[in-house]
Amino acid sequence: MHILTPEEKKQYDAMLELKKENKEGLKVFRTDYNKLKSSVKALEKKYGTTGDFKNYEQGSKNKFVISQLYKIENKYRHIEHKISIFKARQRDFSKSWVGFPFKGRYSQGTMSNRIAGLHNIIASARSNLADAYHDISIANKYLKEILQGLKWRT
């Protein structure tokens, strides 16, 4: 980009680096999310699914595990929602970036403002990925509670 000043070039490069980090972060996220899901499936196979909750007596291991799994499955919805927003922001960025700096939603104003607009889109995507990671950490705490509860109940 020969029309960028050195300061604008730094902003532009930082924005592209953030996009690259987001892409790599999504790969790591998917790995962690798949590990969580496989752990939940293994527990469901051993103790039952949330649909079996009423079939077990109060205070049983199975009822305890299923109640914790239900909390984790509630986190799935939030995680999926945040990831869909992440992907939408990534698409918005790609669409706006194609014609940069002369086309797209951010073609008005100074070059710094155009770059800042694109940076805001990509930073928003990163924020949604961080929210999804937070939910995975909460779900992992529920898994730890299950393991501790099973040790206590045996």
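Description of the structure in this document.

Scoring rules and cut-offs
Residues numbered from 1 in each chain as written. Predicted model: local features only at pLDDT ≥ 70, side-chain atom pairs only at ≥ 80, totals over all residues. Heavy atoms only, no water. Axes fitted to C-alpha atoms, helices over the stretch in contact; angles between N-to-C directions. Helix = DSSP H or I, 4+ residues; strand = E, 2+ residues; numbered from the N terminus. Parallel < 35°, antiparallel > 145°, perpendicular 65-115°, else oblique. Left-handed = near helix turned anticlockwise from the far one by under 90°. Nonpolar A, V, L, I, M, F, W, Y, C, P; charged D, E, K, R; others polar. Expected span 1.5 Å × (residues − 1). Patch = residues over 30% accessible without salt bridge, like charges linked within 9 Å, V, L, I, M, F, W, Y side chains within 5 Å. Areas by Shrake-Rupley, 256 points an atom, 1.4 Å probe, with all protein chains shown as cover. Salt bridge = Lys/Arg side-chain N within 4 Å of Asp/Glu carboxyl O. Lys, Arg positive; Asp, Glu negative; His and termini not counted. Charge placed at Lys NZ, Arg CZ, Asp CG, Glu CD. Core = buried A, V, L, I, M, F, W, Y, C linked by side-chain atoms within 4.5 Å. Buried < 20%, exposed > 50% of the residue type's maximum accessible area, 1.4 Å probe, protein only. Contact = heavy atoms within 4.5 Å. Phe/Tyr/Trp six-rings, centres within 6.5 Å; stacked < 30°, edge-to-face > 60°.

Comments concerning the packing of helix α1 (residues 6-47) against helix α2 (residues 61-98)
- Where α1 meets α2, the axes come as close as 11 Å, and the angle between the chain directions of the two elements is 155°. Relative to α2, the element α1 lies roughly antiparallel. α1 and α2 meet at a crossing whose hand is left-handed.
- Along the lines of polarity and charge, the residues of the contact of α1 with α2 split into 20 nonpolar, four polar and eight charged.

Things to note about α1
- Taking 1.5 Å of rise per residue, 42 residues should cover 62 Å, and α1 covers 61 Å from first to last C-alpha, within 8% of that figure.
- In the stretch just after α1, Gly48 is the one whose phi turns positive, near 110°.

Considering a positive patch on the surface
- On the surface, Arg30, Lys87, Arg91 and Lys95 cluster together to form a positively charged patch.
- The element best represented in the positive patch is α2, accounting for three residues.
- Inspection of the secondary structure assignment puts Lys95 in helix α2.

Observations concerning the nonpolar core
- With 25 residues, the main nonpolar core has Phe29, Leu36, Val65, Ile72 and Ile146 as its most contacted residues.
- Contributions of two or more residues to this core are made by α1, α2 and α3 (111-153).
- Considering every element that reaches this core, the biggest residue donor is α3, with 10 residues.
- Residues in contact with Ile146, not counting those within four places in the same chain, are Leu43, Phe64, Val65, Gln68, Leu69 and Ile72.
- Judged by nonpolar contacts, the second largest core, of 10 residues, contains Leu4, Tyr12, Phe93 and Ile115.

Let's talk about the pattern of salt bridges
- Taken as a whole and assessed by the stated rule, the structure comprises five salt bridges.
- Two residues, Glu21 and Arg126, come together in a salt bridge whose shortest N-O distance is 3.1 Å. Here Glu21 is found in helix α1, whereas its partner Arg126 is found in helix α3, with 105 residues between them in sequence.
- For Glu21, a relative accessible area of 33% translates into the label partly exposed.
- Its salt-bridge partner being Lys75, residue Asp135 comes within 3.5 Å of it at the nearest N-O pair.

Some words on the packing of aromatic side chains
- Under the criterion given, the structure shown has three aromatic pairs.
- Ring plane angle 20° and centroid distance 5.7 Å describe the contact between Phe29 and Tyr33, whose orientation is recorded as stacked. Placement of the pair is Phe29 and Tyr33 together in helix α1, with a separation of four residues, close to one helical turn.
- The exposure class of Tyr33 is buried, given its relative accessible area of 6%.
- Between Phe29 and Tyr133 the ring centres are 5.3 Å apart and the planes differ by 85°, which places this aromatic pair in the edge-to-face class. Of the two residues, Phe29 sits in helix α1 while Tyr133 sits in helix α3, which places them 104 residues apart along the sequence.
- Residue classification places Tyr133 among the partly exposed positions, given a relative accessible area of 25%.
- An aromatic cluster of three or more residues is present, and its members are Phe29, Tyr33, Tyr76 and Tyr133.

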